[in-house]
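Observations on the model geometry
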Amino acid sequence: MIFVTVGTQLAFDRMIRVVDAWAGASGRADVFAQIGPGAWRPSHIEWSEFVTPGEFDRRSRESDVIIGHAGMGAILTAMQYGKPIVIMPRRAALREQRNDHQVATARRFSHRQGITVAMDEHELVDRLDQLDSLVGADAISDRASDQLINAIREFIHDSP
Amino acid sequence: MASGGGHWVQLLRLRPAFEGCDVSYLTTSGGYQRDVVGARVFVVNDASRWNKIGLGVMTMRVAWVLLRERPNVIVTTGAAPGYIALRIGKMMGARTVWIDSIANAEELSMGGRLAGNLGGLWLTQWEHLASEGGPQYAGAVV
């Protein structure tokens, strides 16, 4: 199963249109997309505007590969389950986000094993054609670095 | 406190830091109780600085939750509602922890910049964004 997600806030039709067209052309019938709020609707894939956190978790866990906007919810969830993920950043210039932080996120995470970046819809087409060859990294633990946890713990227990 | 989505996923990864504490959670989406079974979870509406009315309602709701819970320490990974929670909490005597989202790899978020005025622990998850007089770097959620 391919799980596609655009996050909890905004639609990202530029990405979903590519996935929808690709599924139509390739005959992939096992695609589910969480597409956000909007007027445009896919015609070749199963979709929902939003999913509950429980469904998000289940679909991520059961997927073979995740395709997402370059948001941390999608990225961290893929890493926690050891799933390969293709990420495409939203662009402020296209009014997909207020700033280009997802472009920065995509660049910073592009070197990590299991994460494949598509900077635009053309690259996404290429990535989709190679989807079956993607492999995830080993699942990461469910906790932050010890350094960060200790810094917060020390602050909490350091009486004022 | 963390907004729904990526902010929440980051906050969950910090849970070992809260071991032994009485913890309640505040977020902006329903359905997250399953992640923190047994803990108190409160939900407020999401709003950003672009939506003044929503921001006003959210601020009142955050204040109500904080008045009820009376936290000693408030920890947030953002976004705007997290900053509001720190601001109100600080007025009520809470100590504050801001961990700027790892999504902000090139500059701090707006809330992240403002959180520097609150005292408390002020962290970025990117070493190159840490500075003297700015936020500290002390590791990341991943």
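Heads up: the structure comes first, above all this text.
Residues numbered from 1 in each chain as written. Chains lettered and ligands numbered in written order. Predicted model: local features only at pLDDT ≥ 70, side-chain atom pairs only at ≥ 80, totals over all residues.

**Remarks on the overall build of chain A**
Scanning chain A for helices and strands turns up six helices and six strands. Taken from the N to the C terminus, the helices and strands of chain A come in the order β-α-β-β-α-β-α-β-α-β-α-α. Relative to the compact-globule value of 15 Å for 160 residues, chain A shows a C-alpha radius of gyration of 17 Å, a close match. Principal-axis analysis of the C-alpha atoms gives chain A an extent of 60 × 35 × 30 Å. By the burial criterion, 42% of the 160 residues in chain A qualify as buried. Once local pairs closer than 6 in sequence are excluded, the contacts in chain A between residues at least 24 apart make up 55%. (Helix = DSSP H or I, 4+ residues; strand = E, 2+ residues; numbered from the N terminus. Rg over C-alpha atoms; globule rule 2.2 N^0.38 Å. Buried ≥ 20, exposed ≤ 12 C-beta atoms within 10 Å, placed from the backbone. Contact = placed C-beta atoms within 7 Å.)

**Brief notes about the interface of chain B and chain A**
Every contact between the two is made by 31 residues of chain B and, on the other side, 29 residues of chain A. Considering every element that reaches the side of chain B that touches chain A, the biggest residue donor is helix α1 (residues 6-12) of chain B, with three residues.

**Things to note about the sheet that holds strand β3 (residues 73-76) of chain B**
Sheet strands pair by backbone hydrogen bonding; their relative direction is either parallel or antiparallel. Residues and elements named next belong to chain B. Strands sit in the order β3-β4-β5-β6 across an open sheet of four strands; the sheet is parallel. The outermost strands of the open sheet, each flanked by one partner alone, are β3 and β6 (136-137). Lying on the sheet, helix α3 (residues 80-91) is in contact with β3 and β4 (95-99); it crosses β3 at an angle near 165°. (Pairing = 2+ DSSP bridges. Axes fitted to C-alpha atoms, helices over the stretch in contact; angles between N-to-C directions.)

**Some points on the nonpolar core**
Among the nonpolar cores identified, the biggest contains 80 residues, and V19(A), I75(A), I87(A) and I152(A) are the most heavily contacted of them. Excluding residues that lie within four positions of it along the chain, I75(A) makes contacts with I85(A), I87(A), F109(A) and I115(A). (Core = buried A, V, L, I, M, F, W, Y, C linked by C-beta atoms within 7 Å.)

**A look at unusual backbone geometry**
Here the residue pair G78(B) and A79(B) is connected by a cis peptide bond, since its omega of 0° sits within 30 degrees of zero. Topologically, A79(B) is positioned in the loop between β3 and α3. Even without glycine at this site, R95(A) takes up a positive phi of about 60°. Given 9 C-beta atoms within a 10 Å radius, R95(A) is considered exposed. The phi torsion at R70(B) lies on the positive side, around 50°, for a residue other than glycine. Mapped onto the secondary structure, R70(B) falls in the loop between α2 (52-69) and β3.

**Topic: α2(B)**
Residues and elements named next belong to chain B. Here α2 is 18 residues long and its end C-alpha atoms lie 26 Å apart, about the 26 Å a rise of 1.5 Å per residue gives. Among the residues of α2, those classed as buried are M58, V62, V65 and L66. Taken around the axis of α2, the buried residues stretch over an arc of 95°, which confines them to a single face. When the buried face of α2 is taken as reference, the exposed residues oriented beyond 90 degrees from it are K52, I53, G56, M60, L67 and R68. Residues of α2 that are buried sit in contact with β1 (24-27), β2 (40-43) and α3. After α2 finishes, the residue R70 shows a positive phi value of roughly 50°. (Expected span 1.5 Å × (residues − 1). Arc of directions from axis to C-beta.)

Limitation: the analysis is restricted to geometry and does not speak to function.
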